[in-house]
Amino acid sequence: MDLWTAAASRLSLRSPARVAARMSAFARAERGSQLDMLLAASQTQDLTLASQFLRHAHDESRHARAFANRARELGEDGWIHADGGRLLRQLGPAKFLAFVHQGEARAIQRFLVIQDTLTQNGDTRSAAIFGALLDDETRHASYTRTALDSVAENPAAELRNARRWSLWQGYRRLTASTAKGLHDAGAWLLYLSLFPLAFWLRWVRPVRSGWVESAPERGPQ
Amino acid sequence: MSGGYHDAAAALVVDGVLVGALQEERISRIKHDPGLPIGAALALLAQEGLSPQDVASVFFHEDPYAHLERVLLWSLRSFPKGLKAFPQAMRKQLGSDLWVLDSIAEGLGIPRGRIHKGEHHRSHAASAFLCSPFEQAAILTVDGVGEHHSTGLWQGQGAQISCLGQLELPHSLGLLWAGVTGWMGLAVNRGEHEVMGLAAHGQPRFSDVFERWLTQSEDGSFEVDPAPLAWLSDPERGFGPAMEAALGPARAFNARWSLQDPDFQLRADVAASLQQRTNEVLLGLATALHERTASPNLCVAGGVALNCRAIAHIQAHGPFEQVFVQPAAGDAGGALGAVLSGLGIRAPMHHAAWGVCCDAGRAQDLATELGMKVERVEDPVQRAAAHLAQGQALAWVKGRCEWGPRGLGNRAILASAADEALGVRLSTQVKPRAPFRPFAPIVSNTSFSEHFEGRPDLCTPFMTTLRQSRNDLSPATTHVDGSARVQSVGPKDALHEVLAAFEKESGQSVLLNTSLNGPGDPAVARETDALAWLMAHPGTPMLIDDLWIQT
């Protein structure tokens, strides 16, 4: 895992443009995680957990800004847009905590490798960002593990379930990406093959200017 | 419900009475959430003690099949320019939009037969008229695009709405604004209000360009030259090389603004030119509509209706005696229009507090758990006024969150409007934003005319129009051209007492009022959002009902 991560890290950080793109990707991931934690805080009745989720969301927000600012310095646009999910409601408390714990633990390993690679590449400014976030990631991994132990009857089983769920999500992303490629290729072919229809349409459905006939009255259908 | 493009929203009617309206972004925390408003619908139902199984009918704001037809039609009409965007457009259509009615049924867990489709511009028209105080009115709908149309003239009588005529794509004011927004380096469908704010800094020296691109006939209909736009070939940017050839190179996307930038004046002049042409064309539309209806009342809806400069222009120069624009005039408002027109009912809107509540009890427990300083205050109004009079900012949370994009007194950052330095601190530290964007003032009905031209009207409670300032007592909320997007409040509004107490303490009767959110975030809705905001802004205290919270 470490060797693979290190090799992938070296490959993906070999130029400032790639570092910038990676920083943008991390900014989006942190922003997505912030949204997950904010929604989790609003969905749990446990005050201690809700406050921990809120602190976690606050950290992720800072991380997203730090990554976005660095990406901007390196030439990216710094725009952060990410989706969040109602993961707590979807997974239930134990599996959600296991999932977050694993993500944070993985992030620590990954951040260490990236920090090392960036330092070797002489990009100490970017490396310092990862170094500064490690304490937060360690704290996140720690509280989620403690909380998991308190809410789950069998924490180890929950961790296994969460890992399986993560793998399933990764598989779905991969297949969705493949399907997107196939769809787009098919759509392009379809579009190009429809060119006679395009000329016919210009004749039968020309662009209309001015007020068009009012639509007939109709209720909801 | 409305959704699938941007600003998804839900509105709830129970036994013929409107009881709630909420944008999905307030629940999902994704600004301008383009998904489906399932979270908003569930939150509104829960607030009324209802479950989805209690829902008799859901009315969706547009017709997904007509939408698909338009996408196919224009993709082919624009052959071969649509090649790049066609796969993405079809992915969205076939992957989600076409099945939106089924997705709503699935999301709520109710039979598909209870979901009904509507028409985009009819929903807009209904959202404008059926929420207005008028029994009879002319209705103007103007936005980017509905199923096939961009603009509509309508007439409302009782609970009935009839269409007088519509304009089809590509003749769309909204798409022209989207293109210029993209050229400004702002996000299309999100940054249009920034272009409007920028316009006050410029001179309309590109008016000839916009007169060429946007021509209007005597009957009010207009045509938009599609050459500078790229809504089909590059919808994320919205503009093409012809726009850059006419106006200059586009700004880098999401680049930071500075009033000292060498090209700042160019951007401001372009914005001013577009705004001026928009004012002229909307006035032409309003005049034509008046000639056809002879009504003294006008209701306006659609994304372009959120352009308060143009609305103020119609009010000042148009033939109508009264103009009404409800607070969520953009696509979110389609949800409200869909349900009101679907049921054939009216719901005159007197306030904007239609969203979810903030639970002060849970906020207290959670804030204590977070180690914040929490205090129950006996007289929250007096405490707020005293704090504001000391030249400090305050986060204010009361009752239900607002409907629409503006903070209208229930989720607000408040400060003295007289303190220009505090305004600058807010715009750089508390709520970072482009330096040309003004904050808005809030004033009681009784003090309105002392500070602003004219009198409070149907738009001022919802901040959907502008007024010129009469004096220089509110520099923190007066735009560079002397205008202000003022909110007027009456005795029933939450902030009325605060304004009165603030005046007693400080001798000033105008407050700065901006929505309670961080940069890029939707406005605060519930207690967890409020406390998250407080954690990110530790220097500003928050008042939730009678709960004074500081970090």
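Going by the structure above, here's the rest.
Residues numbered from 1 in each chain as written. Chains lettered and ligands numbered in written order. Predicted model: local features only at pLDDT ≥ 70, side-chain atom pairs only at ≥ 80, totals over all residues. Heavy atoms only, no water.

### Structural notes on a negative patch on the surface
Reasoning step 1: A surface patch of like charges, here negative, comprises A:Asp46, B:Asp359, B:Asp365 and B:Glu369.
Reasoning step 2: You can see B:Asp365 is positioned in helix H14 (residues 360–369). (Patch = residues over 30% accessible without salt bridge, like charges linked within 9 Å, V, L, I, M, F, W, Y side chains within 5 Å. Areas by Shrake-Rupley, 256 points an atom, 1.4 Å probe, with all protein chains shown as cover. Salt bridge = Lys/Arg side-chain N within 4 Å of Asp/Glu carboxyl O. Lys, Arg positive; Asp, Glu negative; His and termini not counted. Charge placed at Lys NZ, Arg CZ, Asp CG, Glu CD. Helix = DSSP H or I, 4+ residues; strand = E, 2+ residues; numbered from the N terminus.)

### Some remarks on the pairing of strand E5 (residues 136–142) of chain B
Remark: a regular strand shows side chains that alternate across the two faces of the sheet.
All names here are of chain B.
Reasoning step 1: In terms of burial, E5 is largely enclosed, as seven of its seven residues are buried.
Reasoning step 2: Because side chains alternate across E5, one face comprises the buried residues Gln 136, Ala 138, Leu 140 and Val 142, and the other comprises Ala 137, Ile 139 and Thr 141, equally buried.
Reasoning step 3: With seven bridges joining them, E5 and strand E6 (residues 149–157) adopt antiparallel strand pairing. By the bridge assignment, Ile 139 is partnered in E6 with Trp 154.
Reasoning step 4: Alignment of E5 against strand E10 (residues 297–301), held across four bridges, turns out to be parallel. Note on E10: the bridge partner recorded for Ile 139 is Cys 299. (Buried < 20%, exposed > 50% of the residue type's maximum accessible area, 1.4 Å probe, protein only. Pairing = 2+ DSSP bridges.)

### Focus: the packing of aromatic side chains
Given two aromatic rings, their pairing is described by the distance between the two centres and the angle made by the two planes.
Reasoning step 1: Within this structure, the stated rule accounts for 21 aromatic pairs over all chains.
Reasoning step 2: Taken together, a centroid distance of 5.3 Å and an interplanar angle of 65° make the contact between A:Trp79 and B:Phe253 edge-to-face. Here B:Phe253 lies in the loop between helix H10 (241–247) and helix H11 (264–293) and A:Trp79 lies in the loop between helix H3 (47–73) and helix H4 (87–91), a pairing that spans two chains.
Reasoning step 3: Ring geometry for B:Phe324 against B:Phe462: centres 6.2 Å apart, planes inclined by 80°, an arrangement best described as edge-to-face. Here B:Phe462 lies in the loop between helix H17 (445–451) and strand E16 (467–468) and B:Phe324 lies in strand E11 (residues 322–324), a separation of 138 residues in the sequence. No difference in accessibility class separates B:Phe324 from B:Phe462, as the two residues are buried.
Reasoning step 4: Taken together, the ring pairs in this structure connect A:Phe26, A:Phe67, A:Phe111 and A:Phe130 into an aromatic cluster. (Phe/Tyr/Trp six-rings, centres within 6.5 Å; stacked < 30°, edge-to-face > 60°.)

### Notes on helix H13 (residues 333–343) of chain B
Residue and element names in this part refer to chain B.
Reasoning step 1: Judged by how many residues are buried, H13 sits mostly within the fold: eight of eleven residues are covered.
Reasoning step 2: Gly 333, Gly 334, Ala 335, Leu 336, Gly 337, Ala 338, Val 339 and Leu 340 are the residues of H13 that are buried.
Reasoning step 3: Its buried side turned inward, H13 meets strand E1 (9–14), strand E2 (17–23), strand E3 (58–59) and helix H6 (120–129). (Contact = heavy atoms within 4.5 Å.)

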